[in-house]
Amino acid sequence: ISTIDGNASIAKDYLSNGMADLAVAATGEAAHTMLEFLPLREEELMLALSVSHPLIPFFEQHGADLSQLSGESFILNQHNSFFRTLERNILSGLSFAPDILCEISDINASGNMVANGKGIAFLPRSAGGQLHGCRLFSLKPQVTFQIAIAYPKSNALTRPVRDLILLRLQQAVNRQTA
């Protein structure tokens, strides 16, 4: 088994072009012309602030009010990524143009930049346990997406790939019942 770390766009390209047998990726799609999706879990995209950010008490009391973030530096996901599409939708409703500090495709790097006070970001809820120095807030309305196994519809799955899919599905069930 070889693994490749990348965004959902890269995963879809690899699967569609026969360079990968399966991928675990974030998606908002339930159907695709060339790919099959098996949902593993629902995930939430959240606002991440440094634990020392002055807006934390306000957000704790009133919820994450993005209108308060004018003048903040945003650390966004890579331009062609699924997360960037979600971020674009979130930011489109603001009355100000966000100051984009950088685009980055690594969740841990984004979290570390937030923790060190370099800016704010949108990160998955599941990243919260491994990101120290960040505080996550739900958005209003909540922004959710699926983590899914994706594989090409046209391929006959080999036994090892089927076994890996079944293992990942069982892990998802075990997480939900734990």
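Rules behind the numbers
Residues numbered from 1 in each chain as written. Predicted model: local features only at pLDDT ≥ 70, side-chain atom pairs only at ≥ 80, totals over all residues. Heavy atoms only, no water. Buried < 20%, exposed > 50% of the residue type's maximum accessible area, 1.4 Å probe, protein only. Helix = DSSP H or I, 4+ residues; strand = E, 2+ residues; numbered from the N terminus. Pairing = 2+ DSSP bridges. Phe/Tyr/Trp six-rings, centres within 6.5 Å; stacked < 30°, edge-to-face > 60°.

**So, the pairing of strand β7 (residues 143-152)**
Okay, step 1: Most of β7 is tucked away, with eight of its 10 residues classed as buried.
Okay, step 2: Here strand β2 (residues 35-50) runs beside β7; their pairing, made up of 10 bridges, is antiparallel. Considered in β7, the bridge of Pro 39 is made with Ala 148.

**As for the packing of aromatic side chains**
Okay, step 1: Taken as a whole, this structure holds six aromatic pairs when the rule is applied.
Okay, step 2: Ring plane angle 80 degrees and centroid distance 5.6 Å describe the contact between Phe 59 and Phe 137, whose orientation is recorded as edge-to-face. With Phe 59 in helix α2 (residues 56-62) and Phe 137 in strand β6 (residues 134-137), the pair connects residues that are 78 residues apart, well separated along the chain. By the burial criterion, Phe 59 is buried, and Phe 137 matches it.
Okay, step 3: Three or more aromatic residues joined by ring pairs make a cluster, and in this case those are Phe 58, Phe 59 and Phe 137.

**Concerning the pairing of strand β3 (residues 73-77)**
Okay, step 1: The buried fraction of β3 amounts to four of the five residues, a majority that puts the element mostly inside the structure.
Okay, step 2: In the sheet, β3 pairs with strand β4 (residues 99-104) via five bridges, with the strands oriented parallel. When the bridges of β4 are listed, Ser 73 appears paired with Asp 99.

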